[in-house]
Amino acid sequence: MTDLLVPVVPVAARRRVRLRHYLMCAPAHYDVRYSINPWMDPAKPTSTALALAQWEVLHDLLVSFGHRVDVIAPGPGLPDMVFAANGATVIDGKALVARFRHPQRDGESAHYLDWFRANGFESAVQATWPNEGEGDYLTTRRAILAGTGFRSDPRAHAEAEELFDRPVIRLDLVDPRYYHLDTALAVLDDDEIMYHPAAFTPESRAVLLGLFPDAILADDRDAAVFGLNAVSDGLHVVLPEAATGLAAELRERGFEPVGVDLSELLKAGGSAKCCTLELRPAPADRP
Ligand code: ARG
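What this report covers is the structure whose coordinates are included nearby. Here the structure is a predicted model, which means the values were calculated and not measured.

Moving on: the sheet that holds strand S5 (residues 125–126). Strand order in the open sheet made by the three strands is S3-S4-S5, with mixed pairing throughout. Strands at the two margins of the open sheet, each flanked by one partner only, are strand S3 (88–91) and S5. Across four bridges, the pairing between S3 and strand S4 (residues 94–97) is antiparallel. Of the residues in S4, the one forming a bridge with Ala-88 is Val-97. Against the sheet, helix H3 (residues 108–118) touches S3, S4 and S5, its axis set at about 165° to S4. Against the sheet, helix H4 (residues 154–164) engages S3, S4 and S5, with an angle of about 165° to S4.

Take the sheet that holds strand S13 (residues 236–240) next. The three strands lie next to each other as S12-S13-S14, forming an open sheet whose pairing is mixed. Strand pairing shows two members of the sheet lacking a second neighbour, strand S12 (231–232) and strand S14 (256–260), which therefore form its edges. For S12 and S13, the ladder comprises two bridges, and the chain directions are antiparallel. When the sheet's bridge partners are listed, Ser-232 is paired in S13 with Val-237.

The rules behind each value
- Residues numbered from 1 in each chain as written.
- Predicted model: local features only at pLDDT ≥ 70, side-chain atom pairs only at ≥ 80, totals over all residues.
- Heavy atoms only, no water.
- Pairing = 2+ DSSP bridges.
- Helix = DSSP H or I, 4+ residues; strand = E, 2+ residues; numbered from the N terminus.
- Contact = heavy atoms within 4.5 Å.
- Axes fitted to C-alpha atoms, helices over the stretch in contact; angles between N-to-C directions.

Given below as structure tokens:
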């Protein structure tokens, strides 16, 4: 009976923003000139101006939530450099810079290495094996979830495990539309995620179910509009506005979904998360 007297704390009250530090890259040279994933069709017209306008909305939104957002200068001739998430993985102040799978994006790595070294990450190193940064490496409290199958090489996982001194959990992707882990799975909070089961092998699905039994599962519709390519700060979840099913589910769990229109960038196979690299400070730097 006394249980009934315990006040019910709404889930929303438990959600809290943890201020983040992000790195982004304006799509000043954005274009779809080659095709390295099924979303990219060079025959379709693109607008750099519209991409810039849509990107700016995302940038300003993250700033308005109180986050620090640094920008890296876009490299000429690198139309995919807007997808800053692919540039590196940064944990405990250590930056592991990407080694791209496709030669078309190869030139981006030097820009990221330079940026990190010029911005206090003196020990930044480039990965030895193909490793597409936060596109495939997503950090939770317990472990680093690492995608493979299309871009990052499983041998790169061991390299990340050693550098960051955290367990790396391998997840195998099977659907070419979801070629990076961040197109099929999003980390919402320390140990909460959402994902699209069909993007993974049965073995990886079992791993995810075991580790995250309460995860939000995205259906085909929400996954296909890149609803999982979301940026969460623990309260706000910025995701494509077309992912209405996920938005409803997130609201129910006490998050604040914030829909954005990044349709121009989707033509290259990217959205909110792809444009946002989180720079995780060393524990000593935390306020
Ligand atoms: N066109 C880019 C590529 O195929 C898109 C990258 C999207 N980035 C991401 N983090 N999923 O490499």
